[in-house]
Amino acid sequence: MRLGIVGAGGMGSFHARSLVTLPGVEIVAVADLREGAARTLADAVGGSPTTDGLAVAAMPDLDGLVIASPEDTHEALAMAAFDNNTQVLCEKPLAVGAIACKRIVDAEVEMGHRLLQLGLMRVYDPSHVQLASETAQLGVLHHVRCVHRNVHEVRRTAQLILNQSLVHDIHSLRWLIGRQIVRVTTLATPNPDHVEHLLVTAEFEGGGHATIEFSEHGFAYEVAVEVEGELGGAVMAPVMRTTVRRDGGSGVHIGTDWFGRFAEAYRIEDTVWLQSIVAGEAIGPSAWDGLVAERVVESAIASLRERRPVEVTTLDTPALYR
Ligand code: ISE
């Protein structure tokens, strides 16, 4: 399988280094606007380095394209790959804004088959998978509490946090509950331009609600989920780590980034994506999932701006994604 990588930052490098260890994979090109980053990754995984991502996406003899460049480049890259019927593994968010996401969905619907797998990798994380199966036994669900703590040196805007980080929690909620989010309310502190803490409450179609608590000045990288239902509850067990007892105390190393916490999920995601290439049809989280999440993100941003709960209108799921 001849693969191209666009984006040689953290995520692109992680995927490239993981994919190249899998049987039958050859990385033929690595693109990054930073010439040195493209060269360093290409030296490690193979392929020609370039600064022209679009040229890599448009290569006619590519079997798969990994898009791990900034989100405002995703749409053009995905469309260029679609022109050659190339399978795509696209990092989240799908694109910036529901309108751009919808264009990608429309392109797949017009082709009549899925070519894009979206990097919402929590569905492959063993602890999330176990939580999902336990959640299904809890009867009517009343509340889900999502906690997401990130160590980020630069304070981001609420819009960026919702697009780059909360998009995961928004997708997890829909996956765990199996229903749509219909209304959201957002609060940010100290202010929406430099957020340290963001709180989103989400209401589900048919009842039940959730909170997403996001913290940017966290002491470590952590993702936790607690579900409360009619018949009981489930708490996603923290990933097992070594407890260190020293200096009169006891502590557990948690880690500061998602590469460690979700390493296994990313590897499974990469393996599933290669299966999509063999099958000629994308499996796993879809462009539609990306569009649905982005519409929730847009309502959450509107809620912050307008200081009120904002509805998320639902769309009919096209047959391709049912
Ligand atoms: C980051 O970009 C990711 O993709 C992580 O999965 C997410 O948890 C983190 O908040 C994002 O900044």
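Anything mentioned here points back to the structure above.
Here the structure is a predicted model, which is why all the values come from computation and not from measurement.

Peer 1: For this particular structure, what's the right way to read the packing of aromatic side chains?
Peer 2: Each aromatic ring pair is specified by the distance between its two centres and by the angle formed by the two planes. For the structure on display, the rule yields six aromatic pairs. A centroid spacing of 5.2 Å and a plane angle of 55° characterise the contact between Phe14 and Tyr266, whose relative ring orientation is tilted. Of this pair, Phe14 sits in helix H1 (residues 10-19) while Tyr266 sits in helix H9 (residues 263-279), and the two are 252 residues apart along the sequence. Given a relative accessible area of 17%, Phe14 falls into the buried group. Geometrically, the ring pair formed by Trp258 and Phe259 is tilted, given 5.7 Å between the ring centres and 40° between the ring planes. A relative accessible area of 23% places Phe259 in the partly exposed class. In this structure an aromatic cluster arises from ring pairing among Phe14, Tyr221, Trp258, Phe259, Phe262 and Tyr266. Geometry around Phe262 places Arg261 over its ring, the cationic atom sitting 4.3 Å from the centre.

Peer 1: Sorry, what's going on with the pattern of salt bridges here?
Peer 2: Between side chains of opposite charge, pairing is possible as soon as their charged atoms come close. Enumeration according to the criterion identifies 18 salt bridges in this entry. A salt bridge links Asp61 to Arg2; its shortest N-O distance comes to 2.9 Å. Placement of Asp61 in the loop between helix H3 (53-57) and strand S4 (64-67) and of Arg2 in strand S1 (residues 2-6) is noted, with a sequence separation of 59 residues between them. Residue class for Arg2 comes out partly exposed when judged on its relative accessible area of 27%. One salt bridge connects Arg149 with Glu222, and the closest N-O pair in it is separated by 2.6 Å.

Rules used in this analysis
- Here the residue numbers are simple positions, counted from 1 along each chain's written sequence.
- Restriction of local features to residues with pLDDT of at least 70 applies here, the model being predicted, together with a cutoff of 80 or more for giving and counting side-chain atom pairs; totals for whole chains, interfaces and linings are based on all residues.
- Side-chain numbers come from the whole structure's heavy atoms, not from hydrogens or water.
- Here a Phe, Tyr or Trp ring, Trp counted by its six-membered ring, pairs with any other such ring whose centre lies within 6.5 Å, and the pair is stacked when the planes are under 30 degrees apart, edge-to-face when over 60, and tilted otherwise.
- Note on conventions: DSSP H or I runs of at least 4 residues are helices, E runs of at least 2 residues are strands, and numbering of each starts at the N terminus.
- Three labels apply to residues, based on accessible area from a 1.4 Å probe with only protein chains included: buried if under 20% of the type maximum, exposed if over 50%, partly exposed otherwise in between.
- Put simply, a charge is over a ring when the Lys NZ or the Arg CZ is close to the ring centre, within 6 Å, and near the line of the ring normal, within 35 degrees.
- In what follows, salt bridge is the name for a side-chain nitrogen of Lys or Arg lying within 4 Å of a carboxyl oxygen of Asp or Glu.

These figures capture arrangement, not role.
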